Amino acid sequence: MIPGSFEYHRPSSVQEAVGLLAKLGDDSRAIAGGHSLIPMMKLRLATPAHLVDLGGIADLKGIRTDGDDIVIGAMTTQHELVSSDLLTSKIPILRETSLQVADPQVRYVGTLGGNVANGDPGNDMPAVMMCLGAIYHVMGKSGERRVAARDFYQGAYFTALEGGDVLTAVRIPVPPAGHGYAYEKLKRKIGDYATAAAAVLLTMSGGKVASCSIGLTNVAETPLWAEEAANILEGSTLDAATVKRAVAAAEAITAPASDARGPAAYRTKMAGVMLTRALARARSKAHG
Amino acid sequence: MAKSQVSMEVNGRAVEALVEPRTLLIHFLREQLRLTGPHIGCETSHCGACTVDLNGKSVKSCTMFAVQANGANIRTIEGMANPDGTLDALQEGFREMHGLQCGFCTPGMITRAYRLLQENNNPSEEEIRFGIAGNLCRCTGYQNIVRAIQYAAAKLNGVPFQEAAE
């Protein structure tokens, strides 16, 4: 219940934060909303000697348009995502997903950056980011680099971030107007992590799927981008037989843990069910 | 670790204190400020009994360090009643609608419901239930909590409260 002792740092710039994390080394952790890290610290599963609080860095906030992309500051809270008229009109899957994350209190404080950077397979936003083809801006010792969400996740709690790195923003190419979208999440109760969840984005043309992208949450050690399943659906009318083949392809890449949310085989099957529902809902929203 | 100075406004009063960085906001409120209204009901950030209103947001004070709340404006259940001591609409609603049994979740429920009604001053039953999803109650089954919040919404909107038929 009571975390171990640590020294608290509150930098006012990204440069300062990166410098601190690099200097303080492996025994330091960045803290964003803290709603993954603090529960771990209270259980003493995490015992950093130094916390570098990103909460005072103005550059990490804000949602802005940049050409065909929307760039979201890493310290943007889930509540701010939900409340953003820009995001609701341009990338509505974000609001739909965010409202399925945790509960109102957690959403007031929990950040998009924390949700995508932590590498927790249970977090909802990573699969959605893979689905969207998002790119993460990362500031580190050697300057800024960009990493595609689809290349970012390496294992449970293992990502492309290295010591001293701070994920500063998420860049998302705006999906075409009239696109269909859905985030379908099976959970034991509202606010729980996913037993299995599927993110779908698609566009239709003349009654056929013109483009499709699928992400899966919490059915492997990392979020999954179901590329083959999406390819199967492209050019189809989302007829039952083709959907069945796509679902089988999606199920084939899952490797869920057996835990209190269910045995692995069940969770794989539920990933398929969530995908089927998400495809139907996305189809109903798409124009064309 | 060396203590940090924090200052905040809590229930309308300015507060200055020294805290360890690792001191959780809930412990600071309860043990240093003696505001024992917010409760500790779990170890896992699920139950919401610790909920406070911080800078216009419902926050689980067990999942924030006091140092992160430096400069914040905080309201706890102790700050909900009207200045003349009469109950606010939510407190009255919880009394009238029997929205509590043991009362352990109640400070967090009312503090969260206060912000919920600021977000949406006329929530449907479904919106209320979704809106308090971060607050767990083991006694009541939530029905009377929902009624209490509906009562308060009606009172704040100046309309008569009509209970739905069973």
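Here the structure is a predicted model, which is why all the values come from computation and not from measurement.

### Section: unusual backbone geometry
All names here are of chain A. Located in the positive-phi region is Arg44, a residue other than glycine, with phi close to 60 degrees. Considering the arrangement of structural elements, one finds Arg44 in the loop between helix H2 (37-42) and strand S3 (50-53). Unlike most non-glycine residues, Tyr157 shows phi in positive territory, near 65 degrees. Along the chain, the position of Tyr157 falls in the loop between strand S8 (153-155) and strand S9 (158-159).

### Notes on helix H1 (residues 25-32) of chain B
All names here are of chain B. Here H1 has its buried residues at Leu25, Ile26, His27, Phe28 and Leu29. In the core, the buried residues of H1 are packed alongside strand S2 (13-19). A positive backbone phi angle near 60 degrees is found at Arg34, which sits one or two residues after H1.

### Comments concerning the domain arrangement of chain B
Residues and elements named next belong to chain B. Split into domains, chain B comes out as domain 1 (4-79) and domain 2 (89-157). Relative placement of domain 1 and domain 2: their C-alpha centres are 21 Å apart. Contacts between the two partners involve 15 residues from domain 1, matched on the other side by 12 residues from domain 2. Element by element, the count of residues in the side of domain 1 that touches domain 2 is highest for strand S3 (residues 51-54), at three residues. Across the side of domain 1 that touches domain 2, the residue classes break down as six nonpolar, eight polar and one charged.

### What to know about the environment of Asp151 of chain A
Within the secondary structure, Asp151 of chain A sits in helix H9 (residues 149-152). Separated by 21 residues in the primary sequence, Asp151 of chain A and Met130 of chain A place their C-alpha atoms 8.7 Å from one another.

### Regarding the sheet that holds strand S7 (residues 143-148) of chain A
Residue and element names in this part refer to chain A. Pairing is antiparallel across the open sheet formed by five strands, whose spatial order is S4-S5-S10-S6-S7. In this open sheet, the two edge strands, each paired with only one partner strand, are strand S4 (63-66) and S7. Averaged over all pairs of adjacent strands, the angle between their axes in this sheet comes to 25 degrees, without regard to strand direction. Sheet topology places strand S5 (residues 69-73) next to strand S10 (residues 166-173); five bridges connect them, and they run antiparallel. In the strand pairing of S10, Ile70 is matched with Ile172.

### Details of the domain arrangement of chain A
Residue and element names in this part refer to chain A. Parsing chain A into structural domains produces domain 1 (7-52), domain 2 (61-172) and domain 3 (181-285). Once you take the C-alpha centre of each, domain 1 and domain 2 turn out to be 19 Å apart. Contact residues are listed per partner, giving 12 residues for domain 1 and 18 residues for domain 2. No other element matches the five residues that helix H1 (residues 14-24) contributes to the side of domain 1 that touches domain 2. Looking at the side of domain 1 that touches domain 2 residue by residue, the class counts come to seven nonpolar, four polar and one charged.

### Some details on the sheet that holds S3 of chain A
Residues and elements named next belong to chain A. Strand order across the open sheet formed by three strands is S1-S3-S2, with parallel pairing between neighbours. In this open sheet, the two strands that pair with only one neighbour each are strand S1 (7-9) and strand S2 (28-31). Neighbour-to-neighbour, the strand axes of this sheet turn through a mean angle of 25 degrees, independent of strand direction. Bridge count between S2 and S3: four bridges; the pairing is parallel. The residue of S3 that forms the bridge with Arg29 is Leu51.

### Observations concerning the pairing of strand S12 (residues 196-205) of chain A
Residues and elements named next belong to chain A. Counted residue by residue, S12 has nine buried out of 10 residues, so it is predominantly covered. Relative to S12, strand S11 (residues 180-186) runs antiparallel, the two sharing seven bridges. Paired with Tyr183 across the two strands is Ala199, which belongs to S12. Alignment of S12 against strand S13 (residues 208-217), held across nine bridges, turns out to be antiparallel. Bridge pairing in S13 links Val200 to Ile214. In textbook terms, the turn of a hairpin is the stretch between consecutive antiparallel strands, and for S12 and S13 this stretch comprises two residues, one of which, Gly206, has a positive phi near 60 degrees.

What counts and what doesn't
Residues numbered from 1 in each chain as written. Chains lettered and ligands numbered in written order. Predicted model: local features only at pLDDT ≥ 70, side-chain atom pairs only at ≥ 80, totals over all residues. Helix = DSSP H or I, 4+ residues; strand = E, 2+ residues; numbered from the N terminus. Buried ≥ 20, exposed ≤ 12 C-beta atoms within 10 Å, placed from the backbone. Contact = placed C-beta atoms within 7 Å. Domains from an automatic or database assignment. Nonpolar A, V, L, I, M, F, W, Y, C, P; charged D, E, K, R; others polar. Pairing = 2+ DSSP bridges. Axes fitted to C-alpha atoms, helices over the stretch in contact; angles between N-to-C directions.

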